[in-house]
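Residues per chain, in single letters:
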Amino acid sequence: TLLNKEKSAIGIYAGESNSHHTTAYIINGNNVRLLNATAGIQTAGVSNAQITFNTIELQKPLTYTAPTTTGIDLGGGGGNFLSCNHVSGHTVDSVPRYGYRIAQSQGNTIQCNVADSTSYSFRFEGIACKNTLFKGNYMGNAYCGLYLNQDAIIGQQPSGSTPPYHGNVWLDTARYTSGFGAVNMNDTSFLTLQASLFTTN
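The present account deals with the structure reproduced in this document.

## A few points about the nonpolar core
For soluble globular proteins, nonpolar side chains are generally found buried alongside one another.
Working step 1: Judged by nonpolar contacts, the single largest core of 32 residues is most densely connected at I51, I56, Y100, F122 and F124.
Working step 2: Looking at this core, the elements that each hand over two or more residues are β4 (31-35), β7 (55-59), β8 (69-75), β11 (97-103), β14 (118-125) and β17 (142-148).
Working step 3: Looking at which element gives the most residues to this core, the answer is β17, with three residues.
Working step 4: With residues near it in sequence (within four places) discarded, F122 still touches Y100, I110, N113, A115, F134, N137, Y138, M139, G145, L146 and Y147.

What follows is the structure in structure tokens.
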């Protein structure tokens, strides 16, 4: 699927208004190319979806009018399983083009995904992103590899006092044009920093 010059276009969309819905969404094995569009895959209020083995390319148009472009966008809901997806782009500047955006969606498992040459590889927004399992993800060339906004709380990675490492991969700092492979903007107190503490090897 190619979404061309439709700045509000979404490749695959799943939305629920009932937080206790029983729909079992399985979004697997799709190939979406975005040219000046909103999202490759977007969910709203969806819980317990399996989003796996999808390939999304954020192409770089000559002119860019879409306010944001995201490979995979989770909004609300929770308990979703994202694994083995690949999002690639053609930019490492601060224009809002996200590999993965998770907003107010908690208890998700996000593992073994790849983001390369996007503005932000993985972006979390909001306090309700807590209890995230963020494991084995690859953050390639980007403006910033992992970004938590000023409200984001995702839970400690990994949790517990003597945990195993989670195996997320960042490149050397020079590959991130912001100068940061990861940044937590929710740094107003020690407690908020602890709520999203990363332990890496």
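## Notes on the packing of aromatic side chains
Working step 1: One pass over the full model with this rule turns up eight aromatic pairs.
Working step 2: When the ring of Y120 is compared with that of Y147, the centres are 5.1 Å apart and the planes differ by 70 degrees; the resulting orientation is edge-to-face. Pair noted here: Y120 is in strand β14 and Y147 is in strand β17, with a separation of 27 residues, a long-range link. Assigned by exposure class, Y120 and Y147 land together as buried.
Working step 3: A centroid spacing of 6.0 Å and a plane angle of 80 degrees characterise the contact between W170 and F198, whose relative ring orientation is edge-to-face. Pair noted here: W170 is in strand β18 (residues 169-170) and F198 is in the segment after α1 (190-194), with a separation of 28 residues, a long-range link.
Working step 4: Classification of W170 by relative accessible area gives partly exposed; the value is 24%.
Working step 5: Accessibility expressed as a relative area gives 23% for F198, which makes it partly exposed.
Working step 6: Grouping aromatic residues by their ring pairs yields a cluster made of Y100, F122, F124, F134, W170 and F198.

## Topic: the side chain of N54
Working step 1: By secondary structure assignment, the location of N54 is in the loop between β6 (50-52) and β7.
Working step 2: Reaching out from N54, the side chain makes a polar contact with the backbone oxygen of T52 at a distance of 3.0 Å.
Working step 3: Leaving out residues up to four positions away in the same chain, N54 has contacts with I27, N28, G29, N30, I41, C84, N85 and H86.

## Description of the layout of surface pockets
Working step 1: Estimates place the volume of the largest pocket at around 220 Å³.
Working step 2: Every residue lining the largest pocket is listed: L146, L148, W170, A182, V183, N184, L193, S196, L197, F198 and T200.
Working step 3: Secondary structure elements with two or more residues in the lining of the largest pocket: β17 and β19 (176-184).
Working step 4: If one sorts the elements of the lining of the largest pocket by residue count, β19 sits on top with three residues.
Working step 5: Of the residues contributing to the lining of the largest pocket, the split by class is eight nonpolar, three polar and no charged.

## Topic: unusual backbone geometry
Working step 1: Following Q157, the chain continues into P158 via a peptide bond in cis, with omega recorded as -15 degrees.
Working step 2: The residue P158 is located in the loop between β17 and β18 in this model.
Working step 3: Despite not being glycine, N48 shows a phi value in the positive range, around 60 degrees.
Working step 4: Even without being glycine, F53 reaches a positive phi, approximately 55 degrees.
Working step 5: When you line up the elements, F53 lands in the loop between β6 and β7.
Working step 6: In this structure F53 comes out as exposed when scored by relative accessible area, which is 51%.

## A word on the pattern of salt bridges
Working step 1: Scanning the entire structure with this criterion turns up four salt bridges.
Working step 2: For E125, the salt bridge goes to R101, with nearest N and O atoms at 2.9 Å. In this pair, E125 sits in strand β14 while R101 sits in strand β11, placing the two residues 24 residues apart along the sequence.
Working step 3: What makes E125 buried here is its relative accessible area of 14%.

Rules used throughout
- Residues numbered from 1 in each chain as written.
- Predicted model: local features only at pLDDT ≥ 70, side-chain atom pairs only at ≥ 80, totals over all residues.
- Heavy atoms only, no water.
- Core = buried A, V, L, I, M, F, W, Y, C linked by side-chain atoms within 4.5 Å.
- Buried < 20%, exposed > 50% of the residue type's maximum accessible area, 1.4 Å probe, protein only.
- Helix = DSSP H or I, 4+ residues; strand = E, 2+ residues; numbered from the N terminus.
- Contact = heavy atoms within 4.5 Å.
- Phe/Tyr/Trp six-rings, centres within 6.5 Å; stacked < 30°, edge-to-face > 60°.
- Polar contact = N/O pair within 3.5 Å; in protein donor to acceptor, adjacent residues only side chain to side chain.
- 1 Å grid on protein atoms, 1.4 Å probe; cavity = no way out; pocket = protein on both sides within 12 Å on 5 of 7 lines; lining within 4 Å.
- Points joined across faces, edges and corners; volume = space filled by probe spheres on them.
- Nonpolar A, V, L, I, M, F, W, Y, C, P; charged D, E, K, R; others polar.
- Salt bridge = Lys/Arg side-chain N within 4 Å of Asp/Glu carboxyl O.

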